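# Per-entry structural report
The residues making up each chain are set out below.
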Amino acid sequence: MACCFVRGLSVESQIVEMEAVHWHGVQANAAWAAALEAGKVLYFPHLGFQVLPQEARLIDPGILSPNSRNISLDANGALHGASGDLATVQALGTMIGRFRAQSQELIAAPLPHYNGHLRLAPTSYRPMRVESRRQSWRADDRRLHVDAFPSRPNDGERILRVFANVNPAGVARVWRVGEPFETVARRFVPRFTRYSKWQAGALRALHVTKSLRSEYDHMMLQLHDAMKSDLDYQKSAGQATVPFAAGSAWVCFSDQTSHAVMSGQYMLEQTLFLAPQHLYDPQSSPLAILSRLAGRPLVARQPG
Ligand code: SIN
Ligand code: FE
């Protein structure tokens with residue numbers, strides 16, 4: 001594929017280029033569901049999020065409040081992480097809200113089976129330059145990983161994410177995309193520490209987690225940490241380097257797609273949660289794959 005520098009043939013097909021040029025009106029499309037639920041990244045090179053001329057001043061890291069890395073618009077419409085006067089905050093809310101609406105449109109039309117089941121999470125605007133971030137290995141998204149939440153157990157709920165590169169200077173956002181989920185899981189599952197219900201209860205009592213960490217959540221965190229902490233794996237795993245162009249968008253299930261961000265600045269991101277029983281193929285989910293590998297249910301209530 002012309003867009004990617006591929007190391008390891010198995011990942012070549014992890015990126016699927018899409019023709020769409022509009023956020024609305026995409027036809028119902030079984031190919032979308034099949035690709036997304038197989039953990040691939042749908043890449044829309046010609047689908048730009050339009051920053052209006054009066055919004056150009058918002059494309060600046062100076063609008064972040066001092067201790068924030070991102071600006072986010074929560075599900076109730078409140079904006080967090082911004083500094084500036086009321087007019088600036090309102091303009092940010094308008095721009096990020098428009099991206100939220102367009103992301104929802106992009107997903108709704110081609111994937112009608114998900115309609116009514118997607119749960120809105122905050123929309124984020126990330127104006128920081130990726131290369132300038134200094135972080136612990138566990139928080140370092142420049143290492144290949146699958147997304148997992150340490151404090152918010154989700155019992156297998158899917159994390160569907162829509163991204164748009166709004167860089168005004170034409171700078172790509174460069175990702176690495178790794179191997180299919182099952183390949184990654186088969187490699188690391190044998191190294192996992194055992195799940196302890198007692199420990200999960202203690203973490204909840206200490207408010208480290210907001211609810212009881214299930215065995216599924218335990219395994220996903222183990223996978224996230226095992227991938228990020230293994231520097232040899234980071235180098236040798238099958239992977240493709242993918243520059244997502246300025247003025248493009250991309251979509252993936254980030255709890256399933258092995259990914260890392262290497263460089264870039266100015267991105268919008270929308271997260272939508274989806275219970276795994278509402279997938280076109282629930283057997284493709286990380287919950288189903290990890291349950292098969294473990295040979296037992298990993299959450300107290302199995303999705304019906
Ligand atoms: C991530 O989800 O790992 C970060 C993606 C990005 O910032 O491009
Ligand atoms: Fe991530």
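The model shown is predicted, which means the values in this text are computed figures rather than measured ones.

It is worth spelling out the site of ligand 1 at this point. In the neighbourhood of ligand 1, the contacting residues comprise Arg-126, Asp-141, His-145, Asp-147, Arg-173, Trp-175, His-259, Val-261 and Met-267. Interatomic distance of 3.2 Å between a side-chain N/O atom of Arg-126 and an oxygen atom of ligand 1. Taking His-259, its side chain carries an N or O atom lying 3.1 Å from an oxygen atom of ligand 1. For ligand 1, whose unbound accessible area comes to 260 Å², protein coverage reaches 98%.

Our next topic: the packing of aromatic side chains. The geometry of an aromatic ring pair is captured by the separation of the ring centres together with the interplanar angle, meaning the angle of the planes. For the structure shown, the criterion picks out 13 aromatic pairs. Judged by centre distance (6.4 Å) and plane angle (70°), the rings of Tyr-114 and Phe-253 are edge-to-face. Note that Tyr-114 is positioned in the loop between helix 2 (86-108) and strand 6 (118-129) and Phe-253 in strand 10 (residues 249-253), a separation of 139 residues in sequence. For Tyr-114, a relative accessible area of 0% translates into the label buried. Looking at Phe-253, the relative accessible area reads 0%, which means it is buried. When the centroid spacing of 5.8 Å and the interplanar angle of 90° are considered together, the rings of Trp-175 and Trp-250 count as edge-to-face. Placement of Trp-175 in strand 8 (residues 173-177) and of Trp-250 in strand 10 is noted, with a sequence separation of 75 residues between them. Here the two residues Trp-175 and Trp-250 agree in accessibility, since each one is buried. An aromatic cluster is defined as three or more aromatic residues linked by ring pairs; in this entry it consists of Tyr-43, Phe-163, Trp-175, Phe-244 and Trp-250. Just above the ring of Phe-253 sits the side chain of Arg-158; from NZ or CZ to the centre is 4.2 Å.

A few words now on the sheet that holds strand 12 (residues 265-274). Read from one edge to the other, the open sheet built from 8 strands follows the order 2-3-10-7-12-6-4-5, with strand pairing classed as mixed. Two strands lie at the open edges of the sheet, namely strand 2 (15-17) and strand 5 (79-80), each paired on one side alone. Contacting strand 3 (41-44), strand 4 (71-73), strand 5, strand 6, strand 7 (158-165), strand 10 and strand 12, helix 2 crosses the sheet at an angle of about 125° to strand 6.

Next up on the list: the coordination of the iron ion (ligand 2). Those donors, His-145 (NE2), Asp-147 (OD) and His-259 (NE2), are the protein atoms that reach the iron ion (ligand 2), and they lie 2.1 to 2.2 Å from it. Spacing between the donor residues of the iron ion (ligand 2) along the chain follows H-x1-D-x111-H. Here Asp-147 is found in the loop between strand 6 and strand 7, whereas its partner His-259 is found in strand 11 (residues 259-263), with 112 residues between them in sequence. The same class applies to Asp-147 and to His-259, which are both buried.

Where burial is concerned, the two faces of strand 3 agree: the one with Val-41 and Tyr-43 and the one with Leu-42 and Phe-44 are both buried. The pairing of strand 2 with strand 3 spans 3 bridges and is parallel. Residue Glu-17 lies in a different strand from strand 3, and its bridge partner there is Tyr-43. Considered for its hand, the β-α-β crossover made up of strand 2, helix 1 (residues 30-37) and strand 3 is right-handed. As paired strands, strand 3 and strand 10 are joined by 3 bridges and run antiparallel to one another.

In a pair of packed helices, the angle between the axes and the distance between the axes together describe the arrangement. One way to put it is that helix 5 (residues 215-229) packs onto helix 7 (residues 286-294) with a least axis distance of 11 Å and a crossing angle of 95°. Taken together, the axes of helix 5 and helix 7 lie roughly perpendicular to each other. Residue-level contacts link Tyr-216, Met-219 and Met-220 of helix 5 to Pro-286, Leu-287, Leu-290 and Ala-294 of helix 7. The residue makeup of the contact of helix 5 with helix 7, split by class, is 7 nonpolar, no polar and no charged.

On to empty space enclosed by the protein, then. Evaluation of the coordinates by the stated rule reveals 1 cavity of 30 Å³ or more. Empty space within the largest cavity amounts to approximately 60 Å³. If you go around the largest cavity, the residues you meet are Asp-147, Ala-148, Phe-149, Asn-154, Glu-157, Ile-159, Tyr-216, Asp-217, Met-220, Leu-221 and Asp-255. Of the residues that constitute the lining of the largest cavity, the class distribution is 6 nonpolar, 1 polar and 4 charged.

On to the packing of helix 3 (residues 181-188) against helix 5, then. Contact geometry of helix 3 with helix 5 gives a least axis separation of 10 Å together with a crossing angle of 85°. Between helix 3 and helix 5, the angle is such that the two are roughly perpendicular. Across from Phe-181, Val-184, Ala-185 and Phe-188 in helix 3, the residues of helix 5 making contact are Met-220, Leu-223, Ala-226 and Met-227. Residue classes in the contact of helix 3 with helix 5 are distributed as 8 nonpolar, no polar and no charged.

Parameters at a glance
Residues numbered from 1 in each chain as written. Chains lettered and ligands numbered in written order. Predicted model: local features only at pLDDT ≥ 70, side-chain atom pairs only at ≥ 80, totals over all residues. Heavy atoms only, no water. Near = heavy atom within 4 Å. Polar contact = N/O pair within 3.5 Å; in protein donor to acceptor, adjacent residues only side chain to side chain. Areas by Shrake-Rupley, 256 points an atom, 1.4 Å probe, with all protein chains shown as cover. Phe/Tyr/Trp six-rings, centres within 6.5 Å; stacked < 30°, edge-to-face > 60°. Helix = DSSP H or I, 4+ residues; strand = E, 2+ residues; numbered from the N terminus. Buried < 20%, exposed > 50% of the residue type's maximum accessible area, 1.4 Å probe, protein only. Lys NZ or Arg CZ within 6 Å of the ring centre and 35° of its normal. Pairing = 2+ DSSP bridges. Contact = heavy atoms within 4.5 Å. Axes fitted to C-alpha atoms, helices over the stretch in contact; angles between N-to-C directions. Donors = N, O, S within 2.8 Å, 3.2 Å for Na, K, Ca; no water. Right-handed = clockwise from strand over helix to strand, strands pointing away. Parallel < 35°, antiparallel > 145°, perpendicular 65-115°, else oblique. Nonpolar A, V, L, I, M, F, W, Y, C, P; charged D, E, K, R; others polar. 1 Å grid on protein atoms, 1.4 Å probe; cavity = no way out; pocket = protein on both sides within 12 Å on 5 of 7 lines; lining within 4 Å. Points joined across faces, edges and corners; volume = space filled by probe spheres on them.

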